[in-house]
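Chains, contacts and geometry: an overview
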Amino acid sequence: MGISNTHLFLSLVQIFILCLLCFMAKVEASNQKLSGFYVFGDSTVDPGNNNYIKTPFRSNFPPYGRDFSNQVPTGRFTNGRLATDYIASYVGLKKDVLPPYLDPNLRIEELMTGVSFASAGSGFDPLTPSMTNVIPIEKQLEYLRECRKRLEDALGKRRIENHVKNAVFFLSAGTNDFVLNYFAIPARRKSYSILAYQQFLIQHVREFIQDLLAEGARKIAISGVPPMGCLPFMITLNSPNAFFQRDCINKYSSIARDYNLLLQHELHAMQLQLNMSTPDAKIYYVDIYKPIADMIQMRKRFGFDEVDSGCCGSGYIEASILCNKLSNVCVDPSKYVFWDSIHPTEKTYHNIFLASLSTIDFIVNN
Ligand SMILES: *[C@@H]1O[C@H](CO)[C@@H](O)[C@H](O)[C@H]1NC(C)=O
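Keep in mind that this is a model prediction, so the values were computed, not measured. (Residues numbered from 1 in each chain as written. Predicted model: local features only at pLDDT ≥ 70, side-chain atom pairs only at ≥ 80, totals over all residues. Heavy atoms only, no water.)

A short note on the overall build of the chain
Stated formally: Counting from the N terminus, the helices are DSSP H or I runs at least four residues long and the strands are E runs at least two residues long. Exposure categories follow from relative accessible area, calculated using a 1.4 Å probe and restricted to protein chains: below 20% of the type maximum is buried, above 50% is exposed, and the middle band is partly exposed. Per-residue and other accessible areas follow the Shrake-Rupley method at a 1.4 Å probe size, with only the shown protein chains counted as cover for residues. Charged-residue counts in this description rest on Lys and Arg as positive and Asp and Glu as negative, His and the chain ends being excluded. Lys charges are placed at NZ, Arg charges at CZ, Asp charges at CG and Glu charges at CD.
Secondary structure summary: the chain contains 15 helices and 5 strands in total. Across the 366 residues in the chain, those meeting the buried criterion constitute 53%. Summed over its atoms, the accessible surface of the chain is roughly 17,400 Å², and 58% of this surface lies on carbon and sulfur atoms. Between the centroid of the 36 positive side chains of the chain and the centroid of its 34 negative side chains there is a distance of 2 Å.

Encoded structure:
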């Protein structure tokens, strides 16, 4: 090698090292922005916590999970990944999926980048999870504290305090309080008007947010509820002719819209107060109503054929243990908005993820 060639070679090595350093700094910086992702709520965000408790609300058997590459049912109530799985990998915290906290094999690194504490069948009203013997939201918060303790023991209090500040906490629940509880059994209807019940739920959201703030959380995202009158299960139970008339039941979707509005008002009022007391705390509302309503109303644009029945079984009533290895399954779930009579398909979850990208980017960059 001549002098100039050696020079050139050394320069190239320098450039390479510089690029590597830049790249590492960039990775470090983006990690700095979002340190972890912690999720609470119901089946819309439960990756399999119910596998570890005694409840009939589970889905760790075929045909659930059949569109995972290894076709393993994980306990997710869909044929593949949830929106929160897509989010966790989009923000770079996970390679593939967000694991359930109750999985006994999770290592510290997994707890550090994020887990879901959610439990299918759960809700804000304490009566909802007690009916189905699943994990109440308050208990999910206790699990967060336990998780935090494990992290502190491994990495130190100081470091975890910072970690919590830069993590996102996301809550998705509410549908079961209406669909399995208020609409389905008389207990709450006897003592609450629908407006009073909506306010009762929102009071619980408020308390949940306050508990998270007390833990040191500073980025909190809360989702509303979907068009509940469009769930195949709700159509089947409430249509005058469940076989031939399968339009969305507006009465229930309108209750969902009202709840979402009340929720947004409450979150806005809380943010206003926080701006004075804790200005670095941010509360975000995540809309899932419009993305799902759009997929149903403009099915062709999204490539869907079926919007009023699920892919599993008859599509009208089956969910959880009623959707099992004996059920007929549609040929192509990506043509369906719903996987079973209550839960979206992986494709729908992916579309919900895409629809919330601007909100996610906003959370990451603020
Ligand atoms: C809170 O403060 C931020 C600026 O830090 C502002 O953009 C936002 O509008 C405020 N929110 C409310 C509800 O006043």
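Description of the side chain of Asn-49
What counts, and what does not: Under the rule applied, a polar contact is a pair of N or O atoms within 3.5 Å (in protein, one hydrogen donor and one hydrogen acceptor; residues adjacent in sequence only if both atoms are side-chain atoms). Residue contacts are defined here by distance: any two heavy atoms, one from each residue, within 4.5 Å place the two residues in contact.
On the secondary structure map, Asn-49 appears in the loop between strand 1 (37-41) and helix 2 (83-90). At 3.1 Å, the side chain of Asn-49 and the backbone nitrogen of Tyr-101 are in polar contact. Setting aside residues up to four positions removed in sequence, Asn-49 forms contacts with Pro-100, Tyr-101, Leu-102, Ser-116, Phe-117, Ala-118 and Ile-135.

Notes on the site of the ligand
Definition in use: Residue proximity to a molecule or strand is established when one non-hydrogen atom of the residue lies within 4 Å of it.
Near the ligand you find His-268, Gln-271, Leu-272 and Asn-275, and these make up its full shell. At a separation of 2.4 Å, an oxygen atom of the ligand approaches a polar side-chain atom of Asn-275.

As for the packing of aromatic side chains
The line we're drawing: Stacked, tilted and edge-to-face are the three classes assigned to paired rings of Phe, Tyr and Trp, where Trp is represented by its six-membered ring and a pair needs centres within 6.5 Å; plane angles under 30 degrees give stacked, over 60 edge-to-face, the rest tilted. Put simply, a charge is over a ring when the Lys NZ or the Arg CZ is close to the ring centre, within 6 Å, and near the line of the ring normal, within 35 degrees.
On inspection of all chains with the given rule, the structure shows 22 aromatic pairs. Judged by centre distance (5.8 Å) and plane angle (35 degrees), the ring pair of Phe-178 and Phe-183 falls under tilted. Since its relative accessible area comes to 0%, Phe-178 is described here as buried. The class of Phe-183 is buried, set by a relative accessible area of 17%. Each member of the aromatic cluster is reached from another via a ring pair, and the members are Phe-178, Tyr-182, Phe-183, Tyr-192, Tyr-197, Phe-200, Tyr-252 and Tyr-259. Against the face of Tyr-316 rests Arg-246, its NZ or CZ located 3.9 Å from the ring centre. Here Lys-347 stacks its cationic end above the ring of Phe-304, 4.5 Å away from the centre of that ring.

Regarding the sheet that holds strand 5 (residues 282-286)
Strand-to-strand pairing in sheets goes through backbone hydrogen bonds, with the strands running parallel or antiparallel. Worth spelling out the cut-off: If DSSP finds at least two bridges between two strands, the strands pair. Convention adopted: a line fitted to C-alpha atoms gives each axis, helices being fitted over their contacting stretch, and angles between N-to-C directions are expressed from 0 to 180 degrees.
Ordered by their spatial adjacency, 5 strands build an open sheet running 2-1-3-4-5, and the pairing between neighbours is parallel. Each end of this open sheet is capped by a strand with a single partner; those strands are strand 2 (114-116) and strand 5. Across the sheet, the mean angle from the axis of one strand to that of its neighbour is 15 degrees, orientation sign disregarded. Relative to strand 5, strand 4 (residues 219-223) is paired through 5 bridges, and the arrangement is parallel. In the sheet register, Ile-222 faces strand 5, and the bridge partner there is Tyr-285.

Examining the pattern of salt bridges
Put simply, the test is: Whenever Lys or Arg places a side-chain nitrogen within 4 Å of a carboxyl oxygen from Asp or Glu, that contact is recorded as a salt bridge.
Per the counting criterion, the structure on display carries 17 salt bridges. Two residues, Glu-109 and Arg-107, come together in a salt bridge whose shortest N-O distance is 2.7 Å. Notably, a salt bridge pairs Arg-145 with Glu-215, separated by 3.0 Å at the nearest N-O pair. Placement of the pair is Arg-145 in helix 5 (residues 137-155) and Glu-215 in the loop between helix 9 (194-214) and strand 4, with a sequence separation of 70 residues. Overall, Glu-215 belongs to the buried group, its relative accessible area being 17%. Taken together, the salt bridges that share partners define one network made up of Arg-145, Arg-148, Glu-152, Lys-157 and Glu-215.

Things to note about the packing of helix 5 against helix 9
Operational definition: Here the angle decides the label: under 35 degrees means roughly parallel, over 145 means roughly antiparallel, 65 to 115 means roughly perpendicular, and every other value means oblique. Side-chain classes are defined by residue name, with Ala, Val, Leu, Ile, Met, Phe, Trp, Tyr, Cys and Pro counting as nonpolar, Asp, Glu, Lys and Arg as charged, and the others, Gly among them, as polar.
One way to put it is that helix 5 packs onto helix 9 with a least axis distance of 11 Å and a crossing angle of 5 degrees. When the axes of helix 5 and helix 9 are compared, the pair comes out roughly parallel. Contacts between helix 5 and helix 9 involve Ile-137, Leu-141, Leu-144 and Arg-145 from the first element and Phe-208, Asp-211 and Leu-212 from the second. A class-by-class count of the residues in the contact of helix 5 with helix 9 yields 5 nonpolar, no polar and 2 charged.

Structural notes on the confidence of the model for the chain
Close inspection of predicted coordinates is inappropriate for parts of the model with low pLDDT. In plain terms, the rule: Confidence of the predictor at the level of single residues is captured by pLDDT, which takes values from 0 to 100.
Averaged over every residue, the pLDDT of the chain is 93; the share at 70 or more is 91%. Here residues 25-32 is a poorly scored stretch, pLDDT under 50, and it has 1 contact once near neighbours within four places are set aside; other chains count.

Description of the packing of helix 12 (residues 289-297) against helix 14 (residues 346-355)
The condition is simple: A clockwise turn of the near helix away from the far one marks a right-handed crossing, whereas an anticlockwise turn of less than a right angle marks a left-handed crossing.
Packing of helix 12 against helix 14 leaves a shortest axis separation of 9 Å and a crossing angle of 125 degrees. The angle between the axes of helix 12 and helix 14 places the two elements in the oblique class. Crossing of helix 12 against helix 14: the hand is right-handed. Seen from helix 12, the contacting residues are Pro-291, Ile-292 and Met-295; seen from helix 14, they are Thr-348, Asn-351, Ile-352 and Ala-355. Here the residues of the contact of helix 12 with helix 14 are counted per class, giving 5 nonpolar, 2 polar and no charged.

As for helix 7 (residues 175-182)
Counted residue by residue, helix 7 has 8 buried out of 8 residues, so it is predominantly covered. Against helix 4 (127-132), helix 8 (186-191), helix 9, helix 10 (232-238) and helix 11 (250-277) lie the buried residues of helix 7.

Quick look at the state of the cysteines
Where we set the bar: To count as a disulfide, a pair of cysteine sulfur atoms needs to be within 2.5 Å.
Applying the stated criterion across every chain yields a total of 3 disulfides. Bridging Cys-230 to Cys-248, the disulfide has an S-S length of 2.1 Å. In this structure the cystine formed by Cys-230 and Cys-248 twists about its S-S bond by roughly 115 degrees; its chirality is therefore right-handed. With a gap of 18 residues between them, Cys-230 in the loop between strand 4 and helix 10 and Cys-248 in the loop between helix 10 and helix 11 connect regions that are remote in the sequence. Here Cys-248 falls in the partly exposed class, since its relative accessible area comes to 34%. Note that Cys-312 is cross-linked by a disulfide to Cys-323, the S-S spacing being 2.1 Å. Residues Cys-312 and Cys-323 share a disulfide whose torsion about the S-S bond is about 105 degrees; that sign makes it right-handed. Highlighted residues: Cys-312 in the loop between helix 13 (299-302) and helix 14 and Cys-323 in the loop between helix 13 and helix 14, separated in sequence by 11 residues. With respect to burial, Cys-312 and Cys-323 carry one shared label: buried. When the bonded cysteines of the chain are numbered from the N-terminus onward, they pair as 1-2, 3-6, 4-5.

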